[in-house]
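This is what each chain is made of:
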Amino acid sequence: MDCLKAQTCITSYVEDELTGSDLKDFLIHIKDCPGCREELEIYYTLLVGTKQLDEGELTTSNFSLELDQKMESQLKEITYWEKMTRRIYGLTALLGILFVSWTAIKAMDLHVPVINPRPVTWEEEKDWMEAQLLPHMFQSTYRIERIPVK
């Protein structure tokens, strides 16, 4: 933001009408530009002081300190929400990747190992091996015959 644009935004800032990227750009410019900062302090003192006098209660005598606190608070809030937005986008992307991966695994019908599987009997394991592994290994030409247990 240049000085001309910042000076046109001073009244809007004092009246709390600046939002979003305009507010952020304005605060960054005011922080770095002593001329615009001085003009903001003058307008802030005049407008806020006049408003407080009209309402019958003068809440502060140090308008410069109040302005510094207001600007610092707004910059912190903007920074906080920018960080939160980045985190939300990151989590959304991560959830999307996990969903696509899970869908792909399910579509391929892969056997995904479980951390704590239920106990499996030898018969169940043998049946699974017959159904899943043997047809692919021997192209269905061999078959394991069950030997009766006596």
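### A closer look at the nonpolar core
- In this structure, Tyr-13, Phe-26, Leu-27, Leu-40 and Met-71 are the most contacted members of the largest nonpolar core, which totals 20 residues.
- When contributions to this core are tallied by element, the ones reaching two or more residues are α1 (3–14), α2 (20–32), α3 (34–55) and α4 (63–108).
- Beyond its immediate chain neighbours, meaning those up to four positions away, Leu-40 contacts Ile-10, Tyr-13, Val-14, Phe-26, Ile-30, Leu-67 and Met-71.

### Details of a nonpolar patch on the surface
- Residues Ile-42, Tyr-43, Leu-46 and Leu-47 make up a contiguous nonpolar surface patch of roughly 350 Å² in combined accessible area.
- Its location among the elements puts Ile-42 in helix α3.
- Owing to a relative accessible area of 45%, Ile-42 belongs among the partly exposed residues under this scheme.

### What to know about the pattern of salt bridges
- Following the criterion strictly, the structure yields four salt bridges and no others.
- Here Glu-41 ties to Arg-37 by a salt bridge, and the two come within 2.9 Å at their closest N and O atoms. In this pair, Glu-41 and Arg-37 are both assigned in helix α3, four residues apart and thus about one turn of the helix distant.
- Judged by relative accessible area, which is 16%, Arg-37 ranks as buried.
- When salt bridges that share partners are traced, they join Arg-37, Glu-41 and Asp-68 into one network.

### Focus on the confidence of the model for the protein
- Per-residue confidence for the protein gives a mean pLDDT of 82; residues scoring 70 or more make up 84%.
- Mean pLDDT across the elements of the protein ranges from a minimum in helix α6 (residues 134–138), with 63, to a maximum in α4, with 90.

### Here's the deal with the packing of α2 against α4
- Interhelical geometry of α2 versus α4 gives an angle of 130° and a closest axis separation of 10 Å. By the criterion of interaxial angle, the relationship of α2 to α4 is oblique. Crossing geometry of α2 relative to α4 is assigned as left-handed. Along the contact surface, α2 presents Leu-23, Lys-24, Leu-27, Ile-30 and Lys-31, while α4 presents Met-71, Gln-74, Leu-75, Ile-78 and Glu-82.
- When the residues that make up the contact of α2 with α4 are grouped by side-chain class, the tally is six nonpolar, one polar and three charged.

Quick notes on the rules
Residues numbered from 1 in each chain as written. Predicted model: local features only at pLDDT ≥ 70, side-chain atom pairs only at ≥ 80, totals over all residues. Heavy atoms only, no water. Core = buried A, V, L, I, M, F, W, Y, C linked by side-chain atoms within 4.5 Å. Buried < 20%, exposed > 50% of the residue type's maximum accessible area, 1.4 Å probe, protein only. Helix = DSSP H or I, 4+ residues; strand = E, 2+ residues; numbered from the N terminus. Contact = heavy atoms within 4.5 Å. Patch = residues over 30% accessible without salt bridge, like charges linked within 9 Å, V, L, I, M, F, W, Y side chains within 5 Å. Areas by Shrake-Rupley, 256 points an atom, 1.4 Å probe, with all protein chains shown as cover. Salt bridge = Lys/Arg side-chain N within 4 Å of Asp/Glu carboxyl O. pLDDT = per-residue confidence, 0-100. Axes fitted to C-alpha atoms, helices over the stretch in contact; angles between N-to-C directions. Parallel < 35°, antiparallel > 145°, perpendicular 65-115°, else oblique. Left-handed = near helix turned anticlockwise from the far one by under 90°. Nonpolar A, V, L, I, M, F, W, Y, C, P; charged D, E, K, R; others polar.

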